[in-house]
Amino acid sequence: MPPRLGFAGLGVMGGPMAGHLLRHYRALTVWNRTASKADELHQSGAKIAGSLEELGKASDIVFICVNRSEDVREVVDSLIQGASPNTLFVDHSTIAPADAVLLGSDLEQSGFRFVDAPVTGGSMGAQAGQLTLFCGGPEEDVAEAIEAMVPYTKRAERMGPCGSGQMAKMANQIAVGGALLGLCESLSFAKKAGLNLAQIRNLIGGGAGGSWAFEHYGPKILNEDWAPGFSITNQRKDFGYCMDAARSLDAAVPGTELLDELLKPLEDEGHGEWSTAALYVHLLRQRA
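Here goes a summary of the coordinates provided.

How each quantity is defined
Residues numbered from 1 in each chain as written. Predicted model: local features only at pLDDT ≥ 70, side-chain atom pairs only at ≥ 80, totals over all residues. Heavy atoms only, no water. Helix = DSSP H or I, 4+ residues; strand = E, 2+ residues; numbered from the N terminus. Rg over C-alpha atoms; globule rule 2.2 N^0.38 Å. Buried < 20%, exposed > 50% of the residue type's maximum accessible area, 1.4 Å probe, protein only. Contact = heavy atoms within 4.5 Å. Areas by Shrake-Rupley, 256 points an atom, 1.4 Å probe, with all protein chains shown as cover. Lys, Arg positive; Asp, Glu negative; His and termini not counted. Charge placed at Lys NZ, Arg CZ, Asp CG, Glu CD. Right-handed = clockwise from strand over helix to strand, strands pointing away.

1. Thoughts on the overall build of the protein chain
Okay, step 1: The secondary structure content of the protein chain amounts to 14 helices and 9 strands.
Okay, step 2: The C-alpha atoms of the protein chain give 20 Å as radius of gyration, which agrees with the globular expectation for 288 residues (19 Å, within 12%).
Okay, step 3: For the protein chain, the spread of C-alpha atoms along the three principal axes comes to 60 × 45 × 35 Å.
Okay, step 4: Within the protein chain, the proportion of its 288 residues that are buried is 49%.
Okay, step 5: Excluding contacts between residues fewer than 6 apart, the proportion of contacts in the protein chain whose partners are at least 24 apart in sequence is 66%.
Okay, step 6: Accessible surface for the protein chain amounts to roughly 13,600 Å². Of this, 51% is attributable to carbon and sulfur atoms.
Okay, step 7: Within the protein chain, the 34 negative side-chain charges are centred at a point lying 6 Å from the centre of the 24 positive side-chain charges.

Dropping the structure here:
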């Protein structure tokens, strides 16, 4: 019998991911704090759990996609009240690596299994079912999780034991931040130079200066579209985890620290839910 699948957290990322599971497996139980976000999935055939305890009871594998470390802990603490021993919990949230290690240890001691599997690819990747996943956990558990996650996966690999997936996600966010800064700094410079932004974006994006950011966030800047995407608040949350992890490793992340400082004024002004591409707006206001 195929495993019974559950999904907790139906936001910008989790909603589309759950949708891919439902279309592929034809059976899924879901839960979301704001119940109305499950309506579309329910209309497509998903079962709605009235509580996390009920979701845990109905599932052999539970996927979790929420926000912070404390949110994941709260969700898991409720799920295990109804879950059977050996249930596999797969966390797609981006949380502190140390918290993933602790959560994996706690669940193992309680007779459950845990894989940290943060994702990259943004909302566009989630909608297209083309996400990259960094997985941490025991080999057999990761293999089981990867097999179940095929409907929304472009690439998924085991990075090591629990916590390794989150460490890999930290490395990813550091790289993403550098590309974002390069894009916004380049186009804000071009704007002040009176150049044609569409032309510059196409020429640079097709050459050595090109990146995922140029391809996907360049059009948002040209259209002054600040809807996420990936929000400034979530990016700064991830950067906080990156900097904490860097301190624990005695690793230097000066670019990440700089970008966090540059994004802070936009969040302070009440624009935390804007796309990170709105860094362009902040840089346009800066003077040498």
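2. Section: the pairing of strand β6 (residues 113-116)
Okay, step 1: Neither face of β6 is exposed, since R113 and V115 on one face and F114 and D116 on the opposite face are all buried.
Okay, step 2: Read from strand β5 (residues 88-91) through helix α5 (residues 97-109) to β6, the crossover connection turns out right-handed.

3. Some details on the environment of A246
Okay, step 1: In this structure, A246 sits in helix α12 (residues 232-249).
Okay, step 2: Remark: the alpha-carbon pair of A246 and A171, spanning 75 residues in sequence, is separated by 9.8 Å.
Okay, step 3: Not counting residues within four places of it along the chain, the set of residues in contact with A246 comprises A251 and V253.

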